[in-house]
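Residues per chain are reported as follows:
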Amino acid sequence: MSDPVRDAFDRPLASLRLSVTDRCNLRCRYCMPEDEYVWLPRASILTFEELDRLVRVFSRLGVRKVRLTGGEPLLRHDLPALVRLVARIPQIEDLAMTTNGLLLAQQAAALRAAGLQRVTVSLDTLRPERMLAFAKSARHGDVLAGIRAARDAGFEQVKLNSVVIRGFNDDELGELLEFGRTEGAELRFIEYMDVGGATHWSLDQVVSQRDMLATLTRRYGPIAPVAGDGRAPAERFRLPDGTTFGIIASVTAPFCRTCDRSRVTADGTWFLCLYAGQGVDLRAPLRGGVGDEELAALIRATWQGRTDRGAEERLGVVDRGALYRIESLRADPHREMHTRGG
Ligand code: SAM
Ligand code: SF4
Ligand code: SF4
């Protein structure tokens, strides 16, 4: 296999997040707090065959990891069929999905049988009333059932993502860890990010990695770092009893220097960074009849020019507030986290 294409800061093209739909059946306050949204036109959504072709081209240039995301990926009709296609691509070593879990109980076994290797379920709270207030859904039980179904379906690793927000769930860190331990799932605590769509974001709601570690140290005693490969977004830690967990400190300690991730939206727009203002249209060439070589040349040249380090640049913003106002998100829904894929 040839060496991966490298960007202007020598970061390889290695990991791709594929957003398979911009629709969602939750309305998490940190991602989709508004009452109405502008959706991508249906005709612009890439078919599974188009997605498969794109991933094949990306894999020739270095991509080894694919994560299916959204919106809510399980809302995409017959997702196992896409999993089957991507799982057949020889260069793809790691095929994962991030889901809110609502529909996972029905689909876990089929996804596993199709070749999905890992699942991450978003679980911010163990209290159904908090989920109702925060994500406008009374289906907390379905998420828990989804987590169990994933484990029962034989997924090697089930992870749980919790976005920690001051005054919402920052009093549940210990309970979430203990829940993860009993379910055999590792927690990833995520700092609340000022991504597009997080129109209610403010710095005072962010619970920093440092604060999370201080809270957990008070409760459990000394916490040790776990050595990692330096490329994964989460830093991992171990409690004195051996329980491991991760923290994704995208706000207070961004990791742009080693970032090998990019994102393709459901309509084939390629973003080199979560914070990038503009994406590259891959749908037009894909549907315009260009060959794989030409598509690969476009992707290679674009990646080679990549200088994005969005989260690090945000550190320097004085009076930091929401990244985009609602009018600007309506003018271009590609700026939304739920379109871009987290
Ligand atoms: N709907 C699926 C889910 O929630 O798991 C997949 C898409 S969602 C955009 C992917 C991840 O982004 C989720 O784990 C979610 O918690 C995270 N996310 C969304 N908005 C965020 C924000 N403002 N800050 C930090 N993480 C965020
Ligand atoms: Fe919540 Fe994920 Fe839906 Fe965003 S895309 S509202 S994080 S479930
Ligand atoms: Fe990568 Fe952009 Fe996130 Fe930095 S902000 S880690 S460059 S996606």
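See above for the structure.
These numbers were taken from a predicted model, which means no experiment stands behind them.

### As for the overall build of the protein
Within the protein, the secondary structure is distributed over 12 helices and 12 strands. Taken against the 2.2 N^0.38 rule, which gives 20 Å for 342 residues, the C-alpha radius of gyration of the protein at 19 Å falls within 12% of a compact globule. The dimensions of the protein, computed from C-alpha atoms along their principal axes, are 60 × 50 × 40 Å. Here the protein holds 342 residues, and 58% of them are scored as buried. Restricting to contacts in the protein with at least 6 residues of sequence separation, those with at least 24 account for 75%. Surface summary for the protein: the accessible area is close to 14400 Å², and the carbon and sulfur share equals 51%. Of the charged side chains in the protein, 48 are positive and 46 negative, and the gap between their average positions amounts to 2 Å.

### Quick word on the nonpolar core
Grouped together as the largest cluster of nonpolar side chains are 103 residues, with contacts concentrated most on F58, L68, F189, F245 and W270. F189 has contacts with S162, V164, L173, L176, L177, M212, L216, F245, G246, I247 and I248, leaving out every residue within four places of it along the chain.

### Brief notes about the environment of P80
Along the chain, the position of P80 falls in helix α2 (residues 79-87). In sequence terms P80 and A113 are 33 residues apart; their C-alpha atoms lie 8.3 Å from each other. Once residues lying within four places of it in the same chain are set aside, the contact partners of P80 are Q107, A110, L111 and A114.

### Comments concerning the packing of helix α5 (residues 140-152) against helix α6 (residues 173-183)
One way to put it is that α5 packs onto α6 with a least axis distance of 11 Å and a crossing angle of 35°. Where α5 approaches α6, its residues L144, I147, R148 and R151 are matched on the opposing element by F179, T182 and E183. By residue class, the composition of the contact of α5 with α6 is three nonpolar, one polar and three charged.

### Some remarks on the side chain of D124
Within the fold, D124 resides in the loop between β4 (118-122) and α4 (128-135). One buried charged residue, D124, remains without a salt bridge, the closest side chain of opposite sign being R130 at 11 Å. Separated by 2.5 Å, the side chains of D124 and Y30 make a polar contact. A polar contact of 3.0 Å, which involves the side chain of D124, links it to the backbone nitrogen of V163. If sequence neighbours within four positions are ignored, D124 has contacts with Y30, N161, S162, V163, F168, N169 and L176.

### Digging into the pattern of salt bridges
Tallied over the full model, the rule gives 31 salt bridges. One salt bridge in this structure joins E175 and R219, with 3.5 Å as the shortest N-O distance. Residue E175 is found in helix α6, and its partner R219 is found in helix α7 (residues 209-220); the two are separated by 44 residues along the sequence. A salt bridge links R314 to D194, with the shortest nitrogen-to-oxygen separation between them at 2.8 Å. Here R314, found in helix α10 (residues 310-315), pairs with D194, found in the loop between β6 (186-191) and α7; they are 120 residues apart in sequence, far enough to count as distant. Pair check on accessibility: R314 and D194 agree, each one buried.

### Quick word on the site of ligand 2
All residues adjacent to ligand 2 are C24, L26, C28, Y30, C31, M32, G71 and N100. Here the shell around ligand 2 is built from residues that sort into six nonpolar, two polar and no charged.

### Some remarks on unusual backbone geometry
Backbone geometry places D10, a non-glycine residue, at a positive phi of 70°. Position of D10 relative to the elements: it lies in the segment before β1 (15-19).

### Things to note about the site of ligand 3
Looking at ligand 3, there are 13 residues lining it, with C256, C259, C273, L274 and A311 nearest. Those elements giving two or more residues to the shell around ligand 3 turn out to be β10 (261-264) and α10. When grouped by side-chain class, the residues that make up the shell around ligand 3 number seven nonpolar, one polar and five charged.

### Topic: the packing of aromatic side chains
For the structure shown, the criterion picks out eight aromatic pairs. Aromatic side chains F134 and F168 sit 3.6 Å apart centroid to centroid with 10° between the ring planes, which places their arrangement in the stacked category. Of this pair, F134 sits in helix α4 while F168 is found in the loop between β5 (157-164) and α6, placing the two residues 34 residues apart along the sequence. The class for F134 is buried, based on a relative accessible area of 11%. Members of the aromatic cluster, each reached through a chain of ring pairs, are Y30, F134 and F168. Lying across the ring of F155, R112 places its NZ or CZ 5.3 Å from the centre. Its end group placed over the ring of F271, R340 keeps NZ or CZ at 3.8 Å from the ring centre.

The rules behind each value
Counting restarts for each chain: residues are numbered from 1 in the order of the written sequence. Chain labels run from A onward and ligand labels from 1 onward, assigned in the order the entries are written. Selection of residues for local features in this predicted model requires a pLDDT of at least 70, selection of side-chain atom pairs for listing and counting requires 80 or more, and totals for whole chains, interfaces and linings are taken over all residues. Excluded from the side-chain calculation are hydrogens and water; included are all heavy atoms of the structure. The helix count covers DSSP runs of H or I at least four residues long, the strand count covers runs of E at least two residues long, and both are numbered beginning at the N terminus. Throughout, radius of gyration means the C-alpha value; the globule benchmark is 2.2 Å times the number of residues raised to the power 0.38. Whether a residue is buried, partly exposed or exposed follows from its accessible area with a 1.4 Å probe, protein chains only, as a fraction of its type maximum: under 20%, in between, or over 50%, in that order. Working rule for contacts: check all heavy atoms of both residues, and any pair within 4.5 Å makes them a contact. Values of accessible area rely on a 1.4 Å probe in the Shrake-Rupley scheme; residue burial ignores everything except the protein chains shown. Positive charges come from Lys and Arg alone, negative charges from Asp and Glu alone, with His and the N- and C-terminal ends not counted. Positions of charges follow a simple convention, taking NZ of Lys, CZ of Arg, CG of Asp or CD of Glu. We call a set of buried residues a nonpolar core when its members are Ala, Val, Leu, Ile, Met, Phe, Trp, Tyr or Cys and they connect through side-chain atoms within 4.5 Å of each other. To define axes, lines are fitted to C-alpha atoms, for helices over the stretch in contact only, and angles between the resulting N-to-C directions are given on a 0 to 180 degree scale. Gly is placed with the polar residues, together with every amino acid not listed as nonpolar (Ala, Val, Leu, Ile, Met, Phe, Trp, Tyr, Cys and Pro) or charged (Asp, Glu, Lys and Arg). Throughout this description, the term salt bridge denotes a Lys or Arg side-chain nitrogen within 4 Å of a carboxyl oxygen of Asp or Glu. Here a polar contact is taken to be a pair of N or O atoms separated by no more than 3.5 Å, where protein atoms must pair a possible hydrogen donor with a possible acceptor and residues adjacent in sequence count only if both atoms sit in side chains. Nearness here has a simple test: a residue counts as near a molecule or strand if at least one of its heavy atoms is within 4 Å of that partner. To pair, rings of Phe, Tyr and Trp, with the six-membered ring standing in for Trp, must have centres within 6.5 Å; the planes then decide the type, stacked if under 30 degrees apart, edge-to-face if over 60, and tilted in the middle. Charge-over-ring placement is defined geometrically: NZ (Lys) or CZ (Arg) within 6 Å of the ring centre, and within 35 degrees of the ring normal.

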